[in-house]
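# A closer look at the structure
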Amino acid sequence: MKITVIGTGYVGLVTGTCLAEMGNDVMCLDLDENKIRILREGGIPIHEPGLQDLVHRNVAAGRLQFTTDIAESVVFGELQFIAVGTPPDEDGSADLKYVVSAARNIGKYMTDYKVVIDKSTVPVGTGDKVRAAIAEELAARKLETPFDVVSNPEFLKEGAAVEDFMRPDRVVIGADSERAITVMRELYAPFIRNHDRVIVMDIRSAELTKYAANAMLATRISFMNELANLADDLGADIEQIRVGIGSDPRIGFHFLYPGCGYGGSCFPKDVQALIRTAEESGRRLKVLNAVEEANDAQKHVLLDKIRSRFGSDLKGKVFAVWGLAFKPNTDDMREASSRVIIEGLWEMGARVRAYDPVAMDETRRIYGNDDRLSYASSHQDALTGADALVIVTEWKEFRVPNFDVIKSSLKQPVIFDGRNLYVPAQMRKRGIEYFAIGRR
Ligand SMILES: NC(=O)c1ccc[n+]([C@@H]2O[C@H](COP(=O)([O-])OP(=O)(O)OC[C@H]3O[C@@H](n4cnc5c(N)ncnc54)[C@H](O)[C@@H]3O)[C@@H](O)[C@H]2O)c1
């Protein structure tokens, strides 16, 4: 099939590349000329395991190309995937200007039948807006060219995006046209060869399914975070509680890890957007409001522990921070807890020595040259002369560090662990003061 992917970010680039890998002809469009230049020169603008090789292979095979030319990209694909950003508006609702602009461009340049597939995470009713925008542009051109609109939300996880796209646990297709459903089934058939995992539904339900999935996952995290804080108060151990409840098959073990708050480009904005969607229809989502409030507070939990240990005047103190990306295996720092923690430490007068295995460039892009922040070259380097270590992201290389080096490099052996990587009893034995989340 000939496919255009509009928006070549985390979702668009993975989608386009994986579709090319299955033999389709794919053109990825982005308005960001720098991104397209990097891709055309053989680079890759994001960190995503396995993606670079896949991009190179499919470009070399002539199945994957990159462009900034809107007209060319619209004419190219019978399938037009919209994978542009849907960032939060000022009030938290999803800003649809990129989605609607992409739809308008399709209407402006299309010359024959198109299936327009919304892969961005969008509020219920966006399918209608996309349809209206295309129809308006066609009417302005005095054309009645047929097209269908499909909602096909994406469930990939950054850090495992290629794997998730190649082996999806479900493919949700919201559509009201048999022609479009047939095309979509054909497109996804190679990805789900061992059993059918396509779930066809109406467009509105598909749009809401994506928000429901992220809201449920965010809820589990906020629930465990609150219980971990309570375990701290009561002298119980959240790790044992996690194992104790996860063994109930109705609960399960996934997504029950407490920590210093969820971040990223999806959970925070999607929880907020769903709250706003509900408010617009006159409904207050009590659970989700609490989930959001609990998460905002959780991003400050390590700062509270630091304040209890060192006081609130941290002038002259230096904190080593391990992990800046919002989760391991990505360089994405959107809404990352590290940002709240770094800025909170600055507010109390401290300086930070930061390290992340892949997000150093992104950190430089966000904070630039700031006297209060130094960029370490390794996780050991970050420790040198610091008063304490703060762990924010659970990268594998932090799981079994050399504790002797930690002890000898820090001014005093104190660790604040926002991801519960170590066993408190062992830390005590090593003579390290260890503050984790809900651990005893
Ligand atoms: N990142 C994830 O893990 C993930 C997972 C599932 C769903 N989603 C959803 O997918 C969507 C995209 O997310 P992302 O993380 O890939 O965003 P992103 O910011 O990485 O990429 C979006 C890209 O779209 C480009 N763009 C904007 N308007 C354009 C236009 N009119 N034409 C062409 N390009 C345009 C931008 O320049 C940018 O490169 C969002 O709705 C997000 O909620 C993201």
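Model, not experiment: these values are computed from the prediction.

## Things to note about the environment of Ser337
Note that Ser337 resides in helix H14 (residues 337-347). Other than its neighbours up to four places away in sequence, Ser337 contacts Cys260, Gly261, Gly263, Lys299, Val392 and Gly418.

## Things to note about the nonpolar core
Ranked by size, the top nonpolar core spans 117 residues in total, and within it Ile82, Val116, Phe319, Val321, Leu389 and Val390 carry the most contacts. If one sorts the elements of this core by residue count, helix H9 (residues 203-234) sits on top with nine residues. If we skip the residues at most four places from it in the chain, Val321 touches Ser338, Ile341, Ile342, Val352, Ala354, Val390 and Val392.

## Description of the packing of H9 against helix H11 (residues 267-280)
Between H9 and H11, the shortest axis-to-axis distance is 9 Å and the interhelical angle comes to 115°. As far as their axial angle goes, H11 and H9 are roughly perpendicular. Both H9 and H11 take part in a crossing whose hand is left-handed. Across from Tyr211, Asn214, Ala215, Leu217 and Ala218 in H9, the residues of H11 making contact are Phe267, Asp270, Val271, Ala273 and Leu274. When grouped by side-chain class, the residues that make up the contact of H9 with H11 number eight nonpolar, one polar and one charged.

## Structural notes on the sheet that holds strand E14 (residues 433-435)
Picture the strands of a sheet paired through backbone hydrogen bonds; they go either parallel or antiparallel. With parallel pairing, six strands are arranged side by side in an open sheet as E11-E10-E9-E12-E13-E14. Strands with a single pairing partner mark the edges of an open sheet, and in this sheet they are strand E11 (373-375) and E14. Mean inter-strand twist for the sheet, computed between neighbouring axes without regard to direction, equals 20°. Across four bridges, strand E9 (residues 318-322) lies against strand E12 (residues 388-391) in parallel orientation. Residue pairing for E12: Ala320 is matched across the bridge by Leu389. On the sheet, H14 packs against E9, strand E10 (351-355) and E12 and is oriented at approximately 175° with respect to E9.

Calculation rules
Residues numbered from 1 in each chain as written. Predicted model: local features only at pLDDT ≥ 70, side-chain atom pairs only at ≥ 80, totals over all residues. Helix = DSSP H or I, 4+ residues; strand = E, 2+ residues; numbered from the N terminus. Contact = placed C-beta atoms within 7 Å. Core = buried A, V, L, I, M, F, W, Y, C linked by C-beta atoms within 7 Å. Buried ≥ 20, exposed ≤ 12 C-beta atoms within 10 Å, placed from the backbone. Axes fitted to C-alpha atoms, helices over the stretch in contact; angles between N-to-C directions. Parallel < 35°, antiparallel > 145°, perpendicular 65-115°, else oblique. Left-handed = near helix turned anticlockwise from the far one by under 90°. Nonpolar A, V, L, I, M, F, W, Y, C, P; charged D, E, K, R; others polar. Pairing = 2+ DSSP bridges.

Interpretation note: all reported values are geometric properties and have no functional meaning in isolation.
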